[in-house]
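# Structure at a glance
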Amino acid sequence: MADSSVEIIEGCRLPVLRKNQENEDEWPLAEILSVKDIPGRKLYYVHYIDFNKRLDEWVTPDRLDMKKLQFPKKEAKTPTKNGLPGSRPSSPERDVRKSLDLNIQSASAPSRGKTLPTPKRKAESVSLATQVTAATPVPSLPSSAEASQASVYPAMRDPSFSIKSREEHEQLTSLTTNGTTRRLIPSQPGRKRKNCGGTDEDSQDSSDGIPSAPRMTGSLVSDRSHDDIVTRMKNIDCIELGRHRLKPWYFSPYPQELTTLPILYLCEFCLKYRKSLKCLQRHLTKCNLRHPPGNEIYRKGTISFFEIDGRKNKTYSQNLCLLAKCFLDHKTLYYDTDPFLFYVMTEYDSKGFHIVGYFSKEKESTEDYNVACILTLPPYQRRGYGKLLIEFSYELSKVEGKTGTPEKPLSDLGLLSYRSYWSQTILEILMNLKSENGERPQITINEISEITSVKKEDVISTLQYLNLINYYKGQYILNLSEDIVEGHERAMQKRHLRIDPKCLHFTPKDWSKRGKW
C-alpha cells in the first residue's frame, strides 16, 4: 500500500499491518524510526505506538498504509544536543516527552548539600462496595501505617477474615511509614532510610501521572535520558547461546562491529561473545568453565544457584549484563559491577550447568532492595523459573533477617510475576492458619511481613490488588471468596518448582566493612 511518489522519512507515523495474538490482521499506528536501502527495495524500522518496544521490527513497504501518513512536525530550528545539530526531525508529541524528561532530570539532580521537597501523593482509595452490603459504609482503605498495625483473624476455609482497627493495636508497633508520599530523589548515600513510601501495586508510576526520578546507581540503572534513535532500535538480530537461539527484544551495547552479524555467538558458561561459530569452537577448546564462576550456594535436583561477586568476577558480570540488556528495556547498562552480587540459576546435565536466569542485588542497599535486576531467559519463560528466582531472593532475605522489595521500576512481565508471587505467598499463609483453643486465629500484617520477608508496603498493596480488604462494623476485614480460594488452589497445583531452605548454604556478609569488598 506504499506510494512510491511520497518519501517516508524518520519520524513519520502511519498504520502498519501486523498479526495479533490470534493471528489476525490489525493496523496499529506506528512511528518510523529508521529507513534503510537494500538491493531492490527499502525497509522501515517501526515502533508500534502504545505497544511494548520488543515488538518493534523491520517491515516492507507493502505493509504501510500511506493513506493515513502523518509527517513529523516541522520546527523553526533544528534541535541541538551539546551544541551539535540534531540528527532527525522530531516526531509528533515528542516535544512533550522531551520537556517532561528535562523537568524530571532537573528535579533529580539538586545541587550539593540541598534536597528537594517531597511532594504529597494523592490519597488512593479503592471502592469495595460490591463485597459489602448496601447498608454498610465503606471508608477509604488504610494507609500502610494503619494496615501494618492491624490484625487479621482468618479461619481455615472461612471466607471472612477480620482486621481489628488501629486503636486496638497501637501497642504492637510504631511506624513512621507514610503511605501517601513518594520520594522523587534517591536517598543520600550512607544514610539509613527509616521508611519506604508508596503502597500501590504499580509502584513505578505515581498517581498524578508524574514518574519518579530514576535511580543513578546500579549495574543496570533506570535512566531514559539515553533514549535516542540509536538505543531505541534493536541492534542484534540473533544470539546463539548453547543449544538455544535467542531473538533479542531491545538494544544492548555490544561492540559496533558485532551488530552487523546475522548471529552473535556466546559461550554459555563464561558468556564471552564471538563473531563466528569457528571462533566459538576455538574458544570452547580453551574455556575450562562448565558452570558460572563463584560459589554454588544451592542445589536441589538439577537446579543450582551460584553467587557471583561483581568485583571478583568483573568480566563475567559485565557479559551477563550485556546479555540481560537484550531483554530488559527499562535499564541502562553501566560497567561498574563492583557494588553488586549476581545470583545465577542453572540447570545441570552431562555437559555442565546451563544458565536459566539470574537476579542481581546491591551489596549495601539503603532502600531495602533485595533485587536490582531479574531476568529469566526466553527459552525458560512460562515454566515457573521466574517465581523460583523471586522465591530464592526472599529466602536470602530471610537468612539475612531483613524484609526486602524489588527495585523499581519493574518491567511489565516483572510486575506480573511479583504480583502473582506475593498473592500466592500471602494467601498460602492465611489459608494455612489454624485455630488454637477453639478461638479464631489471628495474625498481624507485621507478622506476615516477618514470615515472608516481603516488605509491609508490598503486603498491603497485594491485599488491595486482590480486593480483599473491607470495612465492617468498625473493623477492617479480609473477605476471601470461594473464587479466590479455588483459584489459589489451582495455581498452587501447577507450581511444581519450589525452593527448599534445607538445600540453601548461604552465610550473609557485612558489606559495610570495606575489607569484605
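The rules behind these values
- Residues numbered from 1 in each chain as written.
- Predicted model: local features only at pLDDT ≥ 70, side-chain atom pairs only at ≥ 80, totals over all residues.
- Heavy atoms only, no water.
- Pairing = 2+ DSSP bridges.
- Helix = DSSP H or I, 4+ residues; strand = E, 2+ residues; numbered from the N terminus.
- Axes fitted to C-alpha atoms, helices over the stretch in contact; angles between N-to-C directions.
- Contact = heavy atoms within 4.5 Å.
- pLDDT = per-residue confidence, 0-100.
- Parallel < 35°, antiparallel > 145°, perpendicular 65-115°, else oblique.
- Left-handed = near helix turned anticlockwise from the far one by under 90°.
- Nonpolar A, V, L, I, M, F, W, Y, C, P; charged D, E, K, R; others polar.
- Phe/Tyr/Trp six-rings, centres within 6.5 Å; stacked < 30°, edge-to-face > 60°.
- Buried < 20%, exposed > 50% of the residue type's maximum accessible area, 1.4 Å probe, protein only.
- Lys NZ or Arg CZ within 6 Å of the ring centre and 35° of its normal.

## Digging into the sheet that holds strand S13 (residues 244-246)
Taken in spatial order, the 4 strands of this open sheet run S13-S12-S14-S15, and their pairing is mixed. Of all the strands in the sheet, just S13 and strand S15 (273-274) have a single pairing partner and so form its edges. Where strand S14 (residues 264-266) lies against S15, 2 bridges are found, and the strand directions are antiparallel. Looking across to S15, one finds that Leu-266 is bridged to Tyr-273.

## Side note on the sheet that holds strand S20 (residues 352-362)
Strand order across the open sheet formed by 5 strands is S16-S17-S19-S20-S22, with antiparallel pairing between neighbours. In this open sheet, the two strands that pair with only one neighbour each are strand S16 (295-300) and strand S22 (373-376). Here the strands of the sheet are splayed against their neighbours by 20° on average, with no regard to which way each runs. In this sheet, S20 lies alongside strand S19 (residues 340-349) in antiparallel orientation, the contact comprising 10 bridges. Bridge assignment links Val-344 to a residue of S20, and that residue is Tyr-358. Packed on one face of the sheet, helix H5 (residues 385-400) meets S16, strand S17 (303-309), S19, S20 and S22 and runs near 55° to S20.

## Considering the confidence of the model for the chain
Confidence along the chain averages 76 in pLDDT terms, with 68% of residues attaining 70 or more. Between residues 85-219, whose pLDDT stays under 50, and residues either more than four places distant or in other chains, the model counts 260 contacts. Counting interchain partners and residues more than four positions distant, the pLDDT-below-50 stretch residues 221-226 has 21 contacts.

## Details of the packing of H5 against helix H6 (residues 412-432)
H6 packs onto H5 with a crossing angle of 60° between their chain directions and a minimal axis gap of 10 Å. The angle between H5 and H6 falls in the class oblique. In the packing of H5 onto H6, the handedness of the crossing is right-handed. Residues Lys-387, Ile-390, Glu-391, Ser-393 and Tyr-394 of H5 form the contact with H6, whose participating residues are Ser-417, Tyr-418, Ser-420, Tyr-421, Trp-422 and Gln-424. Split into classes, the residues belonging to the contact of H5 with H6 amount to 5 nonpolar, 4 polar and 2 charged.

## Overview of the packing of aromatic side chains
Within the structure shown, the criterion is met by 17 aromatic pairs. Ring geometry for Tyr-298 versus Phe-392: centroids 5.8 Å apart, planes at 75°, classification edge-to-face. One end of the pair, Tyr-298, is in strand S16; the other, Phe-392, is in helix H5, with 94 residues separating them in the sequence. One exposure class covers both Tyr-298 and Phe-392, and it is buried. When the centroid spacing of 5.4 Å and the interplanar angle of 55° are considered together, the rings of Tyr-418 and Trp-422 count as tilted. Taken together, the residues span about one helical turn, with Tyr-418 and Trp-422 both in helix H6 at a distance of 4 residues. With respect to class, Tyr-418 is no different from Trp-422; both count as buried. Cation over ring: Lys-36 sits above Trp-58, and NZ or CZ is 4.4 Å from the ring centre. One residue, Arg-54, lies across the ring of Trp-249, its end atom 5.0 Å from the ring centre.

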